[in-house]
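A structural walkthrough
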Amino acid sequence: MSIRENVTSFEREVKNICDNCNRDVRDISIVAVTKTVEINRMNEAKESGLTEFGENRVQELIEKIEQFDDSVTWHMIGHLQRNKVKYIIDKVSLIHSLDSVRLAEEIQRQSLKLFKTTDVLIEVNVGSEDTKFGIKPEEILDFARIICKYSNIRLKGLMTVAPFEEEPEKIRPLMKLMHQKFDELKALNLENSLIDTLSMGMSNDFKIALEEGATMLRVGSLIFGERS
Ligand SMILES: *Cc1c(COP(=O)(O)O)cnc(C)c1O
C-alpha cells in the first residue's frame, strides 16, 4: 500500500475507534514518526495531510528540518542529552522526553537565552522497564512540582512508550494508569503548566491508547512500513 493509502486507512480507523468510545476525533493529534524515513516519503505523508513529524535523534531531526518549510512541526520523541538541547530548542514544537531535573535545567537555560517558552511532556516509564527512559509513575506528581518552577518551560502533560506485547490488550492497565496520573496532574493546577496532552499509542497499541484517553498518537511503521 502507498503511504497515502496507509494514512487514509489509519485515519479512518482512528475515527471509528473514537466514534465507538464517544470521543471527538478532533481532540486527537497524530505525530508521524519519521525516524529512518527518507525525505521523499515524508513528503508523501505531508501531502496526505500529516504535518507533525516526530524524530528520536537530534542529528536526524536537524538534518531533516532544513528540508521542509514551516508548514510542518517537529516533535522530539527520543531520549535527549543535555548537551544537545541547544541544537533543537528553537526548532521543535514539543519535547516528549523530559526525564530528569538536570535536563529541565538545561531546557530552562536555553529557553531563557532565546526569550522563549518550551513545551514539554514528562516521559513516564510506565512498565518500569530497565531498558527504557522515563520516570516512574509514582514519581510523576513530585517531579511535576519541581518542573513547574521553571518559568521558561510549559508542562503540557505526559508521554509513555508502553512495553511491547504481542497481545496489546495486556498493556491496557498501564494505559489506564497513565490516564489516571494525567488527571491527577491536571487537578494539581500547577503554575507554568497547561495539561492537555497525553502522548501514548504507537502502531501496535494505538487502539487501546485511544480507548484509554490518549490525545496524541505517535505512529511510524503503520504509515511508512516496517523499519529495516
Ligand atoms: C519509533 C517510535 C514510535 C513509533 O513506533 P511504531 O511502532 O513504528 O509506530 C513512537 N514513539 C517513539 C518514542 C518511538 O521511538
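Here the structure is a predicted model, which is why all the values come from computation and not from measurement. Just so you know, the residues in each chain are numbered from 1, in the order the chain's sequence is written. Whole-chain, interface and lining totals are the exception, using all residues; otherwise, since this is a predicted model, local features are given only for residues with pLDDT of at least 70 and side-chain atom pairs are given and counted only at 80 or more. Heavy atoms throughout the structure, all of them, feed into the side-chain values; hydrogens and water do not.

1. Here's the deal with the overall build of the chain
Assigned secondary structure in the chain consists of nine helices and eight strands. For 228 residues, the compact-globule estimate of 2.2 N^0.38 gives 17 Å, and the C-alpha radius of gyration of the chain, at 17 Å, lies within 12% of that figure. Each principal axis of the C-alpha distribution contributes one length, and for the chain these read about 45 × 40 × 35 Å. Residue burial in the chain is summarised as follows: out of 228 residues, 50% are buried. Every residue pair with non-hydrogen atoms within 4.5 Å of one another is taken to be in contact. Once local pairs closer than 6 in sequence are excluded, the contacts in the chain between residues at least 24 apart make up 59%. Of the roughly 11200 Å² of accessible surface on the chain, 46% is carried by carbon and sulfur atoms. By the counting scheme adopted, Arg and Lys are positive, Glu and Asp are negative, and His together with the chain ends is not counted. Positions of charges follow a simple convention, taking NZ of Lys, CZ of Arg, CG of Asp or CD of Glu. Charged side chains in the chain number 32 positive and 39 negative. The centres of these two groups are separated by 3 Å. The numbering of helices and of strands both runs from the N terminus, where a helix is a DSSP run of H or I of at least 4 residues and a strand a run of E of at least 2. As a reference, a globule follows 2.2 Å times the number of residues to the power 0.38, and the radius of gyration itself is taken over C-alpha atoms. Exposed residues in this analysis have more than 50% of their type's maximum accessible area, buried residues have under 20%, and partly exposed residues fall in between, with area computed by a 1.4 Å probe over protein chains only. Using a 1.4 Å probe, the Shrake-Rupley method yields the accessible areas, and only the shown protein chains count as cover for residues.

2. Quick look at the packing of aromatic side chains
Here a pair means two rings of Phe, Tyr or Trp (six-membered ring of Trp) with centres within 6.5 Å. Their orientation is stacked below 30 degrees between planes, edge-to-face above 60, and tilted elsewhere. By the definition in use, this model includes four aromatic pairs. Ring geometry for Phe53 versus Trp74: centroids 5.5 Å apart, planes at 70°, classification edge-to-face. Here Phe53, found in strand β2 (residues 52–55), pairs with Trp74, found in strand β3 (residues 73–76); they are 21 residues apart in sequence, far enough to count as distant. Three or more aromatic residues joined by ring pairs form one cluster here, namely Phe53, Phe68 and Trp74.

3. What to know about the site of the ligand
As a structural note, the neighbourhood of the ligand is formed by 13 residues, with Lys35, Ser203, Gly220, Ser221 and Arg227 the closest of them. Counting of polar contacts relies on pairs of N or O atoms within 3.5 Å, with two restrictions inside protein: one atom must be capable of donating a hydrogen and the other of accepting it, and residues adjacent in sequence are counted only when both atoms are side-chain atoms. Lys35 has a polar side-chain atom sitting 2.6 Å from an oxygen atom of the ligand. At a separation of 2.8 Å, an oxygen atom of the ligand approaches a polar side-chain atom of Arg227. Here the ligand loses 89% of its free accessible area of 390 Å² to cover by the protein chains. Split into classes, the residues belonging to the shell around the ligand amount to six nonpolar, four polar and three charged. Note on terminology: near, applied to a residue and a molecule or strand, indicates that one of the residue's heavy atoms is within 4 Å of it. Lys, Arg, Asp and Glu make up the charged group, whereas Ala, Val, Leu, Ile, Met, Phe, Trp, Tyr, Cys and Pro make up the nonpolar group; the residues left over, Gly among them, are polar.

4. Digging into the nonpolar core
As used here, the term nonpolar core means buried Ala, Val, Leu, Ile, Met, Phe, Trp, Tyr and Cys residues forming a set that is joined through side-chain atoms within 4.5 Å. Within the largest apolar cluster, 66 residues are counted, with the highest numbers of intra-cluster contacts made by Trp74, Ile88, Ile107, Leu158 and Leu217. At six residues, helix α1 (residues 3–20) tops the list of elements feeding residues into this core. Leave out the neighbours within four places in its chain, and Trp74 touches Met42, Phe53, Glu55, Leu61, Lys64, Ile65, Phe68, Lys91, Val92, Ser93 and Leu94. If you look at the next biggest cluster of nonpolar residues, it comprises five residues, including Leu94, Leu121, Met159 and Met216.

5. Comments concerning the pattern of salt bridges
By definition, a salt bridge exists where a carboxyl oxygen of Asp or Glu is found within 4 Å of a side-chain nitrogen of Lys or Arg. Applying the stated criterion across every chain yields a total of 20 salt bridges. As a salt-bridge pair, Arg109 and Glu106 come within 3.0 Å of each other at their nearest N and O atoms. Of the two residues, Arg109 and Glu106 both sit in helix α5 (residues 101–113), three residues apart, roughly one turn of that helix. For Arg109, a relative accessible area of 46% puts it in the partly exposed group.

6. Thoughts on the pairing of strand β6 (residues 153–160)
Both faces of the sheet carry side chains from a regular strand, because those side chains alternate between them. Of all eight residues making up β6, seven are buried, and the element is well covered by its neighbours. Strand pairing is assigned whenever DSSP detects at least two bridges linking the two strands. In the sheet, strand β5 (residues 118–124) pairs with β6 via seven bridges, with the strands oriented parallel. Among the inter-strand pairings, Val120 is bridged to a residue of β6, identified as Leu155. Orient the strands so they point away from the viewer; a crossover is then right-handed if the path from the first strand over the helix to the second runs clockwise. Since β5 and β6 lie parallel, the crossover through helix α6 (residues 140–147) that links them has a hand, and here it is right-handed. Pairing between β6 and strand β7 (residues 193–199): four bridges, direction parallel. Bridge pairing in β7 places Leu158 opposite Leu198.

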